[in-house]
Amino acid sequence: MKYMKLGSKPDVFQTDGNSIRFVTTELATDIVITVGDVKFYLHKFPLLSKSSRLQTLVASTNEESNDEVDISDIPGGPAAFEICAKFCYGMIVTLNAYNVLAARCAAEYLEMFETIDKGNLIYKIDVFLSASIFRTWKDSIIVLQSTKSLQQWTENLKVINHCVDSIASKASMDPSEVDWSYTYNRKKLPSESGLDSHWNGVRKQQTVPRDWWVEDLCDLEVCLYKKVILAIKAKGRTSSDVIGEALRAYACRRLFSSLDNAVNNGLDCTKHCAALETIISLLPAEKGSVSCGLLLKLLKASCLLGSGENYRKDLIKRIGTQLDRASVSDLLLPADSSDDAMYNVDMVTSILEEFMLHHKDGSEPKLQEDDDTMDVADNLINSISISSKLGAVTKLIDAYLSEIAKDPGLPLEKFIALAESLPPASRPVHDALYRAIDVYLKEHPTLSKSEKKRICALMDCRKLSADASAHAVQNERLPLRVVVQVLFFEQVRQSSASAAVPSAAHSFLLPREDGTSCGSSRSATTTATEDEQWAGVVGAPASTSGGDASSLRSVSLAASKRGNGAGGKKKVKGGAVVPAPAKRVLGKLWSGKASNGENSGSDDTSESPAGSLNQEETKSTPSRITRHSVS
């Protein structure tokens, strides 16, 4: 830190209590200057020789036969006036980044100009500021922070502009020209801690990162921080991703760290609102300069603080352009206080719509006769990129549906609307969607039969993997018609696989009455939890043939083996043919469901049988789903 010493005489200011300051000399004091609660007993001559304002005030008091002057409105208060008074007496006074601005404003108030006395205080402070303070990174930030209590004076003196320009110039420097001594919030490098400072006797050159300055600026108040960032942007030498990192660091320090506590305890959130709106207004326009996670956190903060609709719309548009980079936890935005639901599903739906709107163009490569080879390649690369992003967003939304399905207050219409917002082609496999539907059915046991049919209509049974189909067949929460469809399509898939691959000797596991399979490595007492079963179903690799058949195939094929050999078959709508033994399995399943009260509201929500999936039955690949009716 830079400093400047003024004067040469010893400091003889004394204190009598907390409210009296005086000078110990042989001469009696002849003037009393009041600054707030403090009275200074001083001498007229040294003060009047350097202050034009005091000359005027003393002249007016002499006419009134009064030797007391009140200057309580002096900027900087008693401390700043004492610096000016010591300078007038020629006493030693030290100026640094913490007190120089207050002294400069007090000197301006006292009119300590060069016209009154050569080498007066204003001139000396201005030289110190320009020659030392504004050339130092740390001191410039400290002085800028001290302008808060002196805002009216600093604006007139243009000190803030000088500080801001100094800081912005240093932040915009090439990192290769930056010395680490500029910063003071950074962590020490190993070389500075005495570790790894030399290699073969040669000192390693320290590498300064491009964002070396972002932590230091987090100490600034919101209004000053905005001025600095705008000045850095105006210079045009700092990349947008570094600006984005600076805003992320500031948001973590000034907004996210204390927001939840302030909202939960009903504290004044004025500063948080100002920080949020400032950060949003400073976001760089370049795509990818700010992470999707930060944008979603800002959107969550806007929901908690009830910020303006324009700020939310801006964030939703930005998030929509990079939704494929989001996470499920970031999407769990809190609902409005007037809403019974836990999460703001409408806002996520709006973000998804923005994503679809942004990526709808270019979903197919657009080729023209006069396109050259590079144009064709660019179109193909663009198409592949969009398809990849759409797939990532589909997985994200399906996982999000599984999370919000646990909310008892989530309306069915919002669940269905969000699930239908994605194009059908974006889901090659419906396992994740089936899981979300199953979670919703479990958490909402009072759904009517028609509501269950509506939510299950989202799922294409043909796009379920073998393991998901096996889970669905034994899932008593599903409507009977859906279970029959799943069993039918699995039977058709098995028949197609058998026709394509020569028959080989297979061992089939018959289901027990308790829902487990004969020969299963798990006993009835070691039942996996529902989440563990799902972990084996969703995202598991699928196979359409081989020795590891699913329990569903075991049911249908074992029934075929137990038949009398009759080749009786029954045609089904769509031209498919189901063997007679499989038909008997369907009839048995139907009667079993009916006896359990399929048409009643309570039995539709019963738990799935324990042990519905074997550990060996979780190896089949996901395949895609569409609803069909079976006659």
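Definitions and limits used
Residues numbered from 1 in each chain as written. Predicted model: local features only at pLDDT ≥ 70, side-chain atom pairs only at ≥ 80, totals over all residues. Heavy atoms only, no water. UniProt positions renumbered as here; feature names shortened; annotations may be inferred. Helix = DSSP H or I, 4+ residues; strand = E, 2+ residues; numbered from the N terminus. Buried < 20%, exposed > 50% of the residue type's maximum accessible area, 1.4 Å probe, protein only. Contact = heavy atoms within 4.5 Å. Areas by Shrake-Rupley, 256 points an atom, 1.4 Å probe, with all protein chains shown as cover. Pairing = 2+ DSSP bridges. Polar contact = N/O pair within 3.5 Å; in protein donor to acceptor, adjacent residues only side chain to side chain. Core = buried A, V, L, I, M, F, W, Y, C linked by side-chain atoms within 4.5 Å. Domains from an automatic or database assignment. Disulfide = S-S within 2.5 Å.

Looking at an unreviewed UniProt entry, one finds the chain named BTB/POZ domain-containing protein NPY4-like and attributed to Panicum miliaceum. Quoted verbatim from the Pathway (unreviewed entry) field of the UniProt record, the comment on the chain reads "Protein modification; protein ubiquitination."

Per the secondary structure count, the chain includes 25 helices and 11 strands. A buried classification covers 45% of the 631 residues belonging to the chain. Sequence separation of at least 24 residues holds for 74% of the intrachain contacts in the chain that already meet a minimum separation of 6. Summed over all atoms, the accessible surface of the chain reaches about 31,500 Å², with 51% contributed by carbon and sulfur.

Every second residue of strand β7 (residues 93-96) is oriented toward a common face, the buried set being V93 and L95 and the non-buried set T94 and N96. The pairing of strand β1 (residues 3-6) with β7 spans four bridges and is classified as antiparallel. Residue pairing across strands places Y3 opposite N96, the latter belonging to β7.

This paragraph deals with the environment of L220. Tracing the backbone shows L220 in the loop between α9 (214-217) and α10 (222-235). Judged by its relative accessible area of 0%, L220 falls in the buried class. If we ignore the near neighbours within four places in the chain, the residues touching L220 are I141, L144, Q145, Y225, V228, Y250 and R254.

Now for the side chain of T34. Within the secondary structure, T34 sits in strand β4 (residues 31-35). Within the local environment of T34, its side chain forms a polar contact with the side chain of E68, the two groups lying 2.9 Å apart. If near-sequence neighbours (up to four positions away) are discounted, T34 is found in contact with K39, E68, V69, D70, I71 and S72.

With that out of the way, let us pick up the nonpolar core. I33, L42, F81, W213, L217, L323 and F415 are the most contacted members of the largest nonpolar core, which has 155 residues in total. The residue makeup of this core includes at least three contributed by each of domain 1 (3-157) and domain 2 (165-173 + 213-261 + 268-321). When residues no more than four places from it in sequence are discounted, the contact partners of F415 are L401, A405, L410, A436, I437, Y440, I455 and L458.

With that out of the way, let us pick up the state of the cysteines. Within the structure shown, the criterion is met by zero disulfides. C252 forms no disulfide, and the closest cysteine sulfur to it belongs to C218, at a distance of 8.5 Å. As a non-bridged cysteine, C273 has C269 as the owner of its nearest cysteine sulfur, 6.2 Å distant. Judged by relative accessible area, C273 falls into the partly exposed class, the value being 24%.

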